[in-house]
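# Geometric and topological summary
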Amino acid sequence: MANAVERFERAARAAGLAVEVRRFPQGTKTAADAARAVGCEAAQIVKSLVFVADGEPVVALTSGANRVDPERLAAALGAREVRRATPEEARAATGFAIGGTPPLGYPRPVRMLVDEDLLGLPEVWAAAGTPDAVFRTTPGELLRVTGATPASFAER
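Overview of the structure. None of these values were measured; they are calculated from a predicted model. (Residues numbered from 1 in each chain as written. Predicted model: local features only at pLDDT ≥ 70, side-chain atom pairs only at ≥ 80, totals over all residues. Heavy atoms only, no water.)

Below, the discussion takes up the nonpolar core. Phe8, Val46, Val59 and Leu61 are the most contacted members of the largest nonpolar core, which totals 30 residues. Among the elements of the structure, helix 1 (4-14), strand 2 (45-53), strand 3 (56-63), helix 4 (87-94), strand 5 (111-115), strand 6 (124-127), strand 7 (133-137) and helix 5 (139-146) are those that each provide at least two residues to this core. Leu49, Val68, Leu73 and Ala74 belong to the second largest nonpolar core, which has 14 residues in total. (Core = buried A, V, L, I, M, F, W, Y, C linked by side-chain atoms within 4.5 Å. Buried < 20%, exposed > 50% of the residue type's maximum accessible area, 1.4 Å probe, protein only. Helix = DSSP H or I, 4+ residues; strand = E, 2+ residues; numbered from the N terminus.)

Laid out in structure tokens, this is it:
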């Protein structure tokens, strides 16, 4: 079985996304770690956070500067109940472990929302399958390859 970064790279190529995965041995598990490693603002880091909305997995692509407000996320999804996925639920939905979950390459389609705060940025960085791997892209490309719906779900 291919490792997580190779699975991500295959999925990116299949989606027509040219990526250059950068590895950082010190890790990029948190948004602050990733921003320091790549030399950008925390707001430019894309956190792929997995939630369970009315029993179904959902991925919220969130700016590294923001925290998800579960009530606002539920409203954006039209869901009655939203909660953070367990690590096991997140891996089952995406095929990747928490801390390295990329925005694509999942075993089956998962509903996705993207934080509107990411959309005005010139470039963003997202996980590439493991806690030490990231790739650079644009918000437009992120929307194109994920099919995510822009929404406002950050704490205010």
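And the narrative resumes.
Before going further, it helps to examine the packing of aromatic side chains. The geometry of two aromatic rings is summed up by the distance between their centres and the angle between their planes. Applying the stated criterion to the full structure yields one aromatic pair. Here phenylalanine 8 and phenylalanine 135 contribute two aromatic rings whose centre-to-centre distance is 4.8 Å and whose plane-to-plane angle is 35°, an arrangement assigned as tilted. Here the residue phenylalanine 8 occupies a position in helix 1, and phenylalanine 135 occupies one in strand 7, the gap between them amounting to 127 residues. With respect to burial, phenylalanine 8 and phenylalanine 135 carry one shared label: buried. Positioned above the aromatic ring of phenylalanine 96 is the side chain of arginine 7, whose terminal nitrogen or guanidinium carbon lies 4.5 Å from the ring centre. (Phe/Tyr/Trp six-rings, centres within 6.5 Å; stacked < 30°, edge-to-face > 60°. Lys NZ or Arg CZ within 6 Å of the ring centre and 35° of its normal.)

Note that all results are geometric; they support no functional claim without further evidence.
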